[in-house]
Structures are given as C-alpha cells and as structure tokens.
Amino acid sequence: MTIMLLTASVLVLSAFSLLGGCRQEQDAGRMRQKTAVERDARDVPLRYARRFTLTKLGRSTLIGIRKPEGAKRGVFFRYLLVPKGEKVPQGYSDALVVRTPVRKVTGTQGLQIAMLDQLGEIGSIVGISRKAGTGNPLIQERFAEGRMQETGMSSNMNMEVMVNLHPDIAFVNASGSVNDVHEKLLAMGVKPGLVCMHIEEEPLGVLEWIRFFGAFYGKDAEAEAFFNQAAERYEKVAALVRAKKGRRPGVMVGHSVRGIWSTHGSSAWFVRLLHDAGSRYVLEDSTEYEENPVSLEKALHVGTTAEYWINPRYDAQRMEELLGDDPRYRYFRSVRTGRVYNNNALVFSNGRSQFWENGMMEPDIVLRDLVKVFHPELLPDYRPKYYHPLR
C-alpha cells in the first residue's frame, strides 16, 4: 500500500513537472517571439506632430493615430505598412495592413494634395472630395480631361464611386465626430487613411504630417528632409520674435455666419502661429480650440478693442465686402485703423486662396507675413506673400 502511494505520488509529481516544463517552454517561446519582434522595433522620433506615431519594424512601418488627451473628440487607429513582397510582421492583428508603396489614392483637402505633390506623387491621386476643394493646376487639368473623380466627403461621401475607384488607401479627415466616414469605408472594403493634422497644436505639427504620407510611398527620407528644412527656417523667425521685448497686440479671427461667429482660422495650430508671430489671440478663453462656437454679440464686443482682425471672410478682397455683410463692422477698432488682413493675396485660377495649400507647405513664409503685420520693424525689407490689408 505504501509502495503504491509512493508510486502514485511520483507519477503525479512527474506529470506536474512535465506540465510545468511544457508551460515554461511555451512561456520561453513566447518570450523569444516577443523579443524577436521587439528587436526590430524602433520608434521614429517626431519633432512637433502629436496626433500620429511612427515605429519601424524592420522594413515595415507601424503607424498609430492618437486622440488628443482630454479633448472632446479624437480617434485611435493603427496601420501596418508592409513593402510589397515582404512578410507581414506578426503580433499586430489590430493594425490595418497596407502594402507599400501605394499607387492609387483618394484625398479630401488641398493640403493633402499639396503634400503628395511635394513628394512627387500627385499622379497617384484618382479622386478628391470635390473639384472646388483645391486649386492645384494638375488636379484641375485631370478633371478637365476626365481622369479625376469627385468622391464627396464625410457623411456625403459617394460610396459607389469609392468602391469603383478601389484605391490602395483613401485619405480622409477624422476627428471622432459623427461625420467621420472611415468605419463605413472599411465596411465597403475600402481602406481609409485617417488624417488628423487639422487638430494638431503647432503649425509645424501640421506640416510634419508629410512624414505620415511619405511612409505610404516609401519616401520617409524625402519627407523628413523637407520637413526639417522648413522647421529650421520657421524656428529662426520665431526666435527673432521671442528676442523682441515688448507688448503683444490683440488679434481676433473669423467672421459672422448666420448669426454665429465662425472661428475657422482659430484651430490650435493657428493660435500658436499667431503667438509665434508676436500677437495675442483674444477672441476665445478656451485652450481647446476645436471650432468652439462664439456668439456674434461677443465677437462684435471684442472687435471694438482688438487691434487686428485676421482671416475674415475667406474670399473678401476689399473692406466694402465685409461692411456689406454687416455694417456694424465699422465700429471695429481694426477697421477704423486699417488693420484688417486676409490670407488671399495669392489665388489659384479657380479663385481659391493658395494659403490653404501652398501656404501651409511653407509655414515659415506665413509666419514672416504675420510678423510683418504685427511687428514690421523686425522685417523691414520683407514683402508679405499670402497676407494683404483690406482697403
């Protein structure tokens, strides 16, 4: 009996030892697998952009789309960009796999088009949200030749057109609002490329999204080089302003639309641009610049004391056009002193301002324009490119 009990104990212990050994081997295998994946992982540092991340996994790239902390809106998403012919790295089942370089894409806004143009990839665009959404001459030429299609945008996107175009990636704006369309595109079998640069906090953060686009084309180095050169130029101008000791003039932005003051230009990145140019944005108290509605009454009150009015109605070229919208503008301090400036000194052939496309690609020039407006003594020989006074 004792021998039988001892034998049984030995068998049980042996079984546990075998199970433990198998479990240890499995754990060790998982550790080895994890180490192998992590060994190839390398975070790519971004200087200003906060709404996406880049991680190199060998020759592949993991991109994360990040929601602003504490913000009302935002999205999470991940992409695994894998060069054609390469094996897909394991362990990233939540990421949308995209084979690179992409050859056929759609877009939604002029700045996306400008970035692809800078990368030499404008020929890959087969559709955009609407023809009037860009002034790019090559895109307009393609529309005239019937080689470009309108896709619609947000909740009005034409899914039939998108499915027929079947792009490698469909670049769409996303912010976590009800108008986001990426889930619908996924359901239709179209891969969405979520773009959140409009909610970046710095003008250079917006521009750094060219590195996001570059990754889809295998042009990481070209995108980084372009960005670094532009950032260096911008930082030099910003440093010149910081060195100036003195008062910052108050600035208001936007115009009245159906009884509400539209702050279309007061995204966080634009407020930062105003700050870097040596001014104070005085229309809103909030630091969450997500198109917060401002009452017309408040805007009219602020306008009586704000020294400058920047980015009024997007197409206004003369003061009389603004006064025709609302004669009460004549009581604005900026109107009385001739300090109203719009960003449409340069327009495309279709009348669209070049500021939102070409201007956004050279924020250092835009910064110089605004410094010339607020502190002309700092740039005595400079002639603004995008901004002009309304007379």
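Residues numbered from 1 in each chain as written. Predicted model: local features only at pLDDT ≥ 70, side-chain atom pairs only at ≥ 80, totals over all residues. Heavy atoms only, no water.

*Asks:* So what's going on with the overall build of the protein? Residues and values would help.
*Replies:* Scanning the protein from N- to C-terminus turns up 14 helices and 18 strands. A total of 391 residues make up the protein; the buried ones form 51% of that total. When contacts within the protein are restricted to residue pairs at least 6 apart in sequence, long-range pairs at least 24 apart make up 58% of them. (Helix = DSSP H or I, 4+ residues; strand = E, 2+ residues; numbered from the N terminus. Buried < 20%, exposed > 50% of the residue type's maximum accessible area, 1.4 Å probe, protein only. Contact = heavy atoms within 4.5 Å.)

*Asks:* Which residues make up the sheet that holds strand β10 (residues 192-195), and what are the values?
*Replies:* Spatial ordering of the open sheet is given by β8-β7-β6-β9-β10, a layout of 5 strands whose pairing is parallel. A strand with exactly one partner marks an edge of an open sheet, and here the two such strands are β8 (149-150) and β10. Here 3 bridges tie strand β6 (residues 105-107) to strand β7 (residues 125-128), and the two strands are oriented parallel to one another. Residue pairing for β7: valine 105 is matched across the bridge by isoleucine 125. (Pairing = 2+ DSSP bridges.)

*Asks:* Can you lay out the pairing of β7 for me, pointing to particular residues and giving the numbers?
*Replies:* Once you follow β6 into helix α2 (residues 110-118) and on to β7, the crossover reads as right-handed. Looking at chain direction, β7 and β8 are connected through 2 bridges and run parallel. Bridge pairing in β8 places isoleucine 128 opposite glutamate 150. Of the crossover connections in this fold, the one passing from β7 over helix α3 (residues 137-144) to the parallel β8 is right-handed. (Right-handed = clockwise from strand over helix to strand, strands pointing away.)

*Asks:* Go over the nonpolar core with me, naming the residues and quoting the values.
*Replies:* Counting 98 residues, the largest nonpolar core has Ile65, Tyr79, Trp209, Phe212, Phe216 and Trp261 as the members making the most contacts within it. In terms of residue count, helix α8 (residues 220-242) provides more of this core than any other element does, 9 residues in total. Sequence-distant contacts of tryptophan 209, that is, excluding residues within four places in its chain, are made with Ala49, Arg51, Phe52, Ile65, Met115, Leu194, Val195, Cys196, Met197 and Glu200. If you look at the next biggest cluster of nonpolar residues, it comprises 8 residues, including Met157, Val181, Leu185 and Val190. (Core = buried A, V, L, I, M, F, W, Y, C linked by side-chain atoms within 4.5 Å.)

*Asks:* Tell me about empty space enclosed by the protein, residues and numbers included.
*Replies:* All told, the structure shown has 2 cavities of 30 Å³ or more when counted by the stated rule. Roughly 50 Å³ of internal volume is contained in the largest cavity. Taken together, Pro203, Trp269, Leu273, Phe355, Gly359, Met360, Pro363 and Val366 make up the full set of residues lining the largest cavity. For the lining of the largest cavity, the elements supplying multiple residues, two or more each, are α9 (268-276), α13 (358-361) and α14 (363-374). (1 Å grid on protein atoms, 1.4 Å probe; cavity = no way out; pocket = protein on both sides within 12 Å on 5 of 7 lines; lining within 4 Å. Points joined across faces, edges and corners; volume = space filled by probe spheres on them.)

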